[in-house]
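If you want the building blocks of each chain, they are given just below.
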Amino acid sequence: MDEEINNEFIEYLNDLDKKADTLEPVVHLYAIEEARLNNVDIPLDNIYNCVRKDYNEHIGKDTDDKTILYKYLKEKERYNLLNVLIALTIKNMLEEGHYKDLFVLNNFELFSSIIMLKSLNLMSTGKLEDIEFTKITDEEINSIIEEFLIKIDPTLEWLGIYRNVKVNGTIIEIDKLSNSEKERYKKRFGKLENCCVLDDETPYILLENSNTLKYIRSFFHEFAHYIIMLHRKIAYPSPFFSEYPSIFYERYLTKYLSDKKINKEEIDYLIKYRDIRTLDNSFDIGNILGYIKKILSGKKIKEEEEILNYTTRINNLPTELIEVINQNLTNINIMDATAVMHHKCDSTCDMLIKYPYDFNDVYSYITGNYLADKRLEKVTDDESFLVKMKYITENIGAIEPSNIFNELGLDIDKIKEEAKEYCKVKKS
């Protein structure tokens, strides 16, 4: 945490502590968890005093042991905290701004089906073994980039944009900056990593230049974001679609290079890297997805129901499968429904507190990967789809979502049905 942000955060927690008497117990737990997860060493004495009074009233004992009080509060409020945090996640998708995504909220069954299908299809992805990439010169990188730009846009419009980007300095190669320049740019942009950012209404591409194919892959991913930003006055895309063009061009680049017989081992690495990242993304948001589904259905997440549902599911599993699962888990007995459900609840709360926008940041990579793969199938059969993809990239914020699905030949109802059937097969 930057010192300035850290000071603001401490001030925020101290303010909650001052108002402790006026706050609900769930907010007390939230404040304590914020301090714990962010390693902020402040006493929160007023909050603990409130917990102490509640403990005395309900347990009939008195203690000033913060460990005991924390455990008591956690047992009492963990599911209330979970409900609040999931509601806040949904609220992020309802409000104006970067995370607004009414398409997901209005089509949550479709959204869930796509996440499920993509993650199940990637389950067999093997471990990513590190390899040493071949070094290529800046001139060779530029040649490959220009050649591929001509391939994906024969009008040469994007080639002209790329050349302008190089000339006007809006592409910044992080590795080639001095330490003082890195500090300056980090302060200016708020981060210094592979990304595309707006600064004073001008898009910038930030990239680590390893002088390998990894750089070219990252360039085309961020260049698609750059094109979207250039056309942002039309409309920003829903997060559901925001990574679709970037991952498509990243995928199509690997196919293009593979067809040219350029280093198969390195190309395979780039493909597997994206697959593993996408699979990890699906694991990260899996629990949150289920909880959101329950809240959107008008229900509250309740401890008793969670434990009962889990018990029913686990009792229907074959003994051999339970043994296999237990062998791969540590510090938790999967037959202990209460312990498992508490762990699921607590780990989800921890994630939503420490990384409150993680769900919104992550799912676009999974849905984008799903759509990009469908687009790649189309382009393989008919390269005229490249022309359509350029149009989609430049206008993605203004295109009706249903048109994107229709143009790919995707039937929304069939996707939902496919997910249900696939799930049955995987379970069996």
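Each remark here, short or long, concerns the structure printed above.
Residues numbered from 1 in each chain as written. Predicted model: local features only at pLDDT ≥ 70, side-chain atom pairs only at ≥ 80, totals over all residues. Heavy atoms only, no water.

### Looking at the overall build of the protein chain
Formally: Numbering of helices and strands runs from the N terminus; a helix is a DSSP stretch of H or I covering at least four residues, while a strand is a stretch of E covering at least two. Here the term buried applies to any residue with accessible area under 20% of the maximum for its type, exposed to any over 50%, and partly exposed to those in between, with areas from a 1.4 Å probe on protein chains only. Only heavy atoms matter for contacts: two residues are in contact if any of them lie within 4.5 Å across the pair. Areas reported as accessible are Shrake-Rupley estimates using a 1.4 Å probe. Residue values count occlusion only from the protein chains shown. Under this rule, positive means Lys or Arg and negative means Asp or Glu; His and the chain ends count for nothing. Note on charges: their place is set at NZ of Lys, CZ of Arg, CG of Asp or CD of Glu.
Counting its secondary structure elements, the protein chain contains 20 helices and 3 strands. Overall size of the protein chain, expressed as C-alpha extent along the three principal axes, is 75 × 55 × 40 Å. A total of 428 residues make up the protein chain; the buried ones form 46% of that total. Sequence-distant contacts, at least 24 apart, represent 72% of the contacts inside the protein chain between residues at least 6 apart. Carbon and sulfur atoms form 48% of the exposed surface of the protein chain, whose accessible area is close to 22,700 Å². The positive charge centre, built from 57 side chains, and the negative charge centre, built from 77, are 3 Å apart in the protein chain.

### Description of the side chain of Arg274
Within the secondary structure, Arg274 sits in helix 13 (residues 264-296). On the basis of relative accessibility, which here comes to 7%, the residue Arg274 falls in the buried class. In this structure Arg274 touches His221, Ile247, Glu250, Arg251, Tyr365 and Asn369, once residues within four positions along its chain are discounted.

### Regarding unusual backbone geometry
A positive phi angle is found at Leu44, which is not glycine, with a value near 55 degrees. Note that Leu44 resides in the loop between helix 2 (25-37) and helix 3 (45-59). Here Glu201, not a glycine, exhibits a phi torsion of approximately 70 degrees, which is positive. As for its position among the elements, Glu201 is in the loop between strand 2 (195-199) and strand 3 (202-207). Residue classification places Glu201 among the exposed residues on the basis of a relative accessible area of 54%.

### Re the sheet that holds strand 1 (residues 171-173)
For clarity, the cut-off: Note on pairing: two strands pair once DSSP finds at least 2 bridges between them. Under this scheme, a helix contributes an axis fitted over its contacting stretch, all axes are lines through C-alpha atoms, and angles between N-to-C directions fall in the 0 to 180 degree range.
Here we have 3 strands laid out as an open sheet, ordered 1-3-2, and mixed in their pairing. Of all the strands in the sheet, just strand 1 and strand 2 have a single pairing partner and so form its edges. The sheet shows a mean angle of 25 degrees between the axes of neighbouring strands, taken without regard to direction. Pairing of strand 2 with strand 3 involves 5 bridges; the strand directions are antiparallel. Pairing of Val197 across the sheet is with Tyr204, part of strand 3.

### What to know about the packing of aromatic side chains
Our working definition: Classification of ring pairs rests on two measures: the distance between centres of Phe, Tyr or Trp rings, Trp counted by its six-membered ring, which must be within 6.5 Å, and the angle between planes, read as stacked under 30 degrees, edge-to-face over 60 and tilted in between.
Applying the stated criterion across every chain, the model contains 28 aromatic pairs. Ring centres 5.4 Å apart and planes at 55 degrees place the aromatic pair Phe108 and Phe111 in the tilted group. In this pair, Phe108 and Phe111 are both assigned in helix 6 (residues 108-121), 3 residues apart and thus about one turn of the helix distant. Assessed through its relative accessible area of 1%, Phe111 is described here as buried. Among the aromatic side chains, those forming a connected cluster through ring pairs are Phe148, Trp158, Tyr162, Phe219, Phe220, Phe223, Tyr226, Phe248, Tyr249, Tyr252 and Tyr256.

### Topic: the environment of Ser178
The residue Ser178 is located in the loop between strand 1 and helix 9 (179-189) in this model. By relative accessible area, which is 32% here, Ser178 ends up partly exposed. With 113 residues separating them in the primary sequence, Ser178 and Asp65 have C-alpha atoms 50 Å apart.

### A look at the nonpolar core
This is how the line gets drawn: The term nonpolar core refers to a set of buried residues drawn from Ala, Val, Leu, Ile, Met, Phe, Trp, Tyr and Cys, joined through side-chain atoms within 4.5 Å.
Counting residues in each nonpolar core, the largest one holds 119 residues, and the members touching the most others are Ile216, Phe223 and Phe405. For this core, the element with the most residues is helix 10 (residues 213-230), which contributes 11 residues. When near neighbours in sequence (up to four residues on either side) are disregarded, Ile216 contacts Ile136, Ile141, Ile144, Ile145 and Leu253. In this structure, Tyr185, Phe189, Val197 and Leu206 belong to the second largest nonpolar core, which totals 9 residues.

### Topic: the pairing of strand 2
Among the 5 residues that make up strand 2, 4 are buried, leaving the element largely enclosed by the rest of the structure. Counting the residues between successive antiparallel strands, the hairpin from strand 2 to strand 3 contains 2 residues, one of them, Asp200, with a positive phi of roughly 55 degrees.

### Here we look at the environment of Cys50
Relative to the helices and strands, Cys50 is located in helix 3. A sequence separation of 29 residues divides Cys50 from Asp21, and the C-alpha atoms of the two residues are 6.7 Å apart. Discounting chain neighbours no more than four positions away, the residues touching Cys50 are Ala20, Asp21 and His28.

### With respect to the pairing of strand 3
Of all 6 residues in strand 3, 5 are buried; the element is thus mostly enclosed. In this structure, strand 1 lies alongside strand 3, joined through 3 bridges in parallel fashion. By the bridge assignment, Ile171 is partnered in strand 3 with Ile205.

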